[in-house]
Amino acid sequence: MTKIDIVSGFLGAGKTTLIKKLLQEAFQGQKVVLIENEFGEIGIDGGFLKQAGVEITEMNSGCICCSLVGDFGAALKKVLADYAPDRIVIEPSGVGKLSDVIAAVEGVQKQAPGLHLNSFVTVVDAAKAKVYMKNFGEFFNNQVEHASAIILSRTQKLDEVRLDGAVRLLREKNPGAAILTTPWDQLTGGQILAAMEGNRPLAAQLMEELSHTHAGHEHCHHDHDHGHCQHDHGQHEHDHGQHEHDHGGCGHDHGEGACTACYGHSHDEGACTACCGHEHHHGHDADEVFTSWGRETPRRYSREELQEALSVLAMGEECGHVLRAKGMLPWDEGESWLHFDLVPEEFQIREGGADYTGRICVIGSDLKEDRLEKLFLLS
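About the criteria used
- Residues numbered from 1 in each chain as written.
- Predicted model: local features only at pLDDT ≥ 70, side-chain atom pairs only at ≥ 80, totals over all residues.
- Heavy atoms only, no water.
- Helix = DSSP H or I, 4+ residues; strand = E, 2+ residues; numbered from the N terminus.
- Buried < 20%, exposed > 50% of the residue type's maximum accessible area, 1.4 Å probe, protein only.
- Contact = heavy atoms within 4.5 Å.
- Areas by Shrake-Rupley, 256 points an atom, 1.4 Å probe, with all protein chains shown as cover.
- Pairing = 2+ DSSP bridges.
- Axes fitted to C-alpha atoms, helices over the stretch in contact; angles between N-to-C directions.
- Parallel < 35°, antiparallel > 145°, perpendicular 65-115°, else oblique.
- Left-handed = near helix turned anticlockwise from the far one by under 90°.
- Patch = residues over 30% accessible without salt bridge, like charges linked within 9 Å, V, L, I, M, F, W, Y side chains within 5 Å.
- Salt bridge = Lys/Arg side-chain N within 4 Å of Asp/Glu carboxyl O.
- Lys, Arg positive; Asp, Glu negative; His and termini not counted.
- Charge placed at Lys NZ, Arg CZ, Asp CG, Glu CD.
- Arc of directions from axis to C-beta.
- pLDDT = per-residue confidence, 0-100.
- Phe/Tyr/Trp six-rings, centres within 6.5 Å; stacked < 30°, edge-to-face > 60°.
- Lys NZ or Arg CZ within 6 Å of the ring centre and 35° of its normal.
- Polar contact = N/O pair within 3.5 Å; in protein donor to acceptor, adjacent residues only side chain to side chain.

This part takes up the overall build of the chain. Looking only at helices and strands, one finds 12 helices and 14 strands in the chain. Classification of the 379 residues of the chain by burial places 53% in the buried group. Once local pairs closer than 6 in sequence are excluded, the contacts in the chain between residues at least 24 apart make up 75%. Accessible surface for the chain amounts to roughly 17,200 Å². Of this, 48% is attributable to carbon and sulfur atoms.

Shown next, in the form of structure tokens:
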């Protein structure tokens, strides 16, 4: 199987720099073919990439997503036949529409089952997002709206207020994409690739942990009115034995009895109103019982700010019935980040490496989202 990654981005956003980092740090040992298209007669980046040992098919007479859609398909088939690569990286013209490039790849994919459209991302110069959105919206917005991930470049040049403003504008155009706000030199190529490929959200990770934890207990019963919960219906594997939390988990034996440090309540027959207010029955996964709240943010936190927020979250019910929280946030004292894990009545903060952007996730029931926003200084 050959994976295809599309790296789009407006003129000068940093697509080639990103591809170089991926080649050096994430694609080592793979046979990679780059198909790039420059708007004009001469491909300006081909020379440097050839030095990296990458085979290049340059198409310089036009834009691959406009007049060269047909030629692009032929070129893609030729690459497959001649090189049989592990991965094809497509770098469209900066003024191309990502939706057209995706459609062109999907058209070839129908005739070549061995092709897999792995990711389609857009690189955005964080300092220019607003002006490009206003002046070149037809092209720039298309690239943003159709991206599976948006990778911000030159974020180290912006203060928190301007960076947060850029993220908000992009989020309006694309609510679902991962948005990478961390400077690239603080991330490995592997971390960037994981986000490009759809790095598992924190909510999915924590829901899986709760599925394991909750398997040994009675489960909260839902009737057919599910209006009070928002569910993330992922798939979970059940472990009916013990559960071992990662970093800062409760560390208790989750057998047949109650783990009051985890849940704060004994799960015997009858209602557990702190859980969800329903009688307990078998047969529900954690993601059917609990609600998740999560945010991504480039905001930098002090250790004191985070300590204060987590103390409120762990020791009371001001924000709802919280069973689990986890996150990684930029620290205001340097390049290290603050990672945290929380269960009822206890939490841990430790220094760790950078992530693609700051991330917070809280799992529980009857969560009060407005209070969580204020608690983490997001509103």
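So, about the pairing of strand 11 (residues 321–330). Look at any regular strand and the pattern is simple: side chains alternate between the two faces of the sheet. Counted residue by residue, strand 11 has 10 buried out of 10 residues, so it is predominantly covered. Bridging between strand 11 and strand 14 (residues 358–365) involves seven bridges; their strand directions are antiparallel. In the sheet register, Gly327 faces strand 14, and the bridge partner there is Ile360. The sheet contact formed by strand 11 and strand 12 (residues 337–343) spans six bridges and is antiparallel. Residue pairing across strands places Pro330 opposite Trp337, the latter belonging to strand 12.

Looking now at the packing of helix 1 (residues 15–25) against helix 8 (residues 189–196). Where helix 1 contacts helix 8, the axes come no closer than 8 Å and their chain directions differ by 110 degrees. With respect to each other, helix 1 and helix 8 are oriented roughly perpendicular. Judged by the sense of rotation from one axis to the other, the crossing of helix 1 with helix 8 is left-handed. Judged by residue contacts, Leu18, Lys21, Leu22 and Glu25 of helix 1 engage Gly189, Gly190, Ile192, Leu193 and Met196 from helix 8.

What follows concerns a negative patch on the surface. Among the surface-exposed residues, Asp159, Glu160, Glu304, Asp332 and Glu333 lie close enough to one another that they form a single negatively charged patch. On the secondary structure map, Asp159 appears in the loop between strand 6 (149–153) and helix 7 (160–173).

Here the focus is helix 8. Residues Gly189, Ile192, Leu193, Ala195 and Met196 constitute the buried set of helix 8. Down the axis, helix 8 shows its buried residues gathered within 160 degrees of arc, on one side only. Structurally, helix 8 contributes buried residues whose contacts are with strand 1 (2–9), helix 1, strand 4 (87–91), strand 5 (115–125), strand 6 and strand 7 (178–180). Positioned one or two residues after helix 8, Gly198 has a phi angle of 95 degrees, which is positive.

Before going further, it helps to examine the confidence of the model for the chain. The predicted model of the chain has a mean per-residue pLDDT of 74, with 67% of residues at 70 or higher. Low confidence marks residues 61–69, where pLDDT is under 50. Its contacts with residues over four positions away, or in another chain, come to 25 contacts. Here residues 216–286 is modelled with pLDDT under 50, and outside its nearest four sequence neighbours on either side it reaches 152 contacts, counting other chains as well.

Moving on: the packing of aromatic side chains. This model, assessed by the stated rule, comprises seven aromatic pairs. Measuring from ring centre to ring centre gives 4.7 Å for Phe10 and Tyr132, while their planes differ by 55 degrees; the resulting arrangement is tilted. Taken together, the positions of Phe10 in the loop between strand 1 and helix 1 and Tyr132 in helix 5 (residues 129–135) put the pair 122 residues apart, joining distant regions of the chain. Note on accessibility: Phe10 and Tyr132 belong to one class, buried. Plain terms: the ring middles of Tyr132 and Phe140 are 6.1 Å apart, the flat faces sit at 65 degrees to each other, and that makes the pair edge-to-face. In this structure, Tyr132 and Phe140 share a single accessibility class: buried. Aromatic ring contacts, followed pair by pair, group Phe10, Tyr132, Phe136 and Phe140 into a single cluster. Cation over ring: Lys97 sits above Phe139, and NZ or CZ is 5.9 Å from the ring centre.

All right, on to the side chain of Asp355 then. Here Asp355 shows up in the loop between strand 13 (346–352) and strand 14. Given a relative accessible area of 11%, Asp355 falls into the buried group. A distance of 2.7 Å separates polar atoms of two side chains, one belonging to Asp355 and the other to Arg359. Non-local contacts of Asp355, meaning those with residues more than four positions away in its chain, are made with Thr182, Leu187, Gln191, Met328 and Trp337.

Let us look at the pattern of salt bridges. Counted according to the given criterion, the structure contains 14 salt bridges. Here Glu373 ties to Arg295 by a salt bridge, and the two come within 2.6 Å at their closest N and O atoms. One end of the pair, Glu373, is in helix 12 (residues 369–375); the other, Arg295, is in strand 10 (residues 291–297), with 78 residues separating them in the sequence. Its relative accessible area of 29% is what places Arg295 among the partly exposed residues. A network of salt bridges, in which partner residues are shared, links Asp5, Arg87 and Glu197.

Attention now goes to the sheet that holds strand 14. Here we have five strands laid out as an open sheet, ordered 10-14-11-12-13, and antiparallel in their pairing. Strand pairing shows two members of the sheet lacking a second neighbour, strand 10 and strand 13, which therefore form its edges. On average, adjacent strands in this sheet sit at an angle of 10 degrees to one another, irrespective of strand direction. Across the sheet, helix 11 (residues 303–315) is in contact with strand 11, strand 12, strand 13 and strand 14; its angle to strand 13 comes to roughly 155 degrees.

Glycine aside, the phi torsion of most residues is negative, and most peptide linkages are trans. A positive phi angle, near 45 degrees, is found at Ala84, a position not held by glycine. Inspection of the secondary structure assignment puts Ala84 in the loop between helix 3 (69–83) and strand 4. The class of Ala84 is exposed, set by a relative accessible area of 54%. The backbone phi angle of Glu345 is positive, close to 75 degrees, even though this residue is not glycine.

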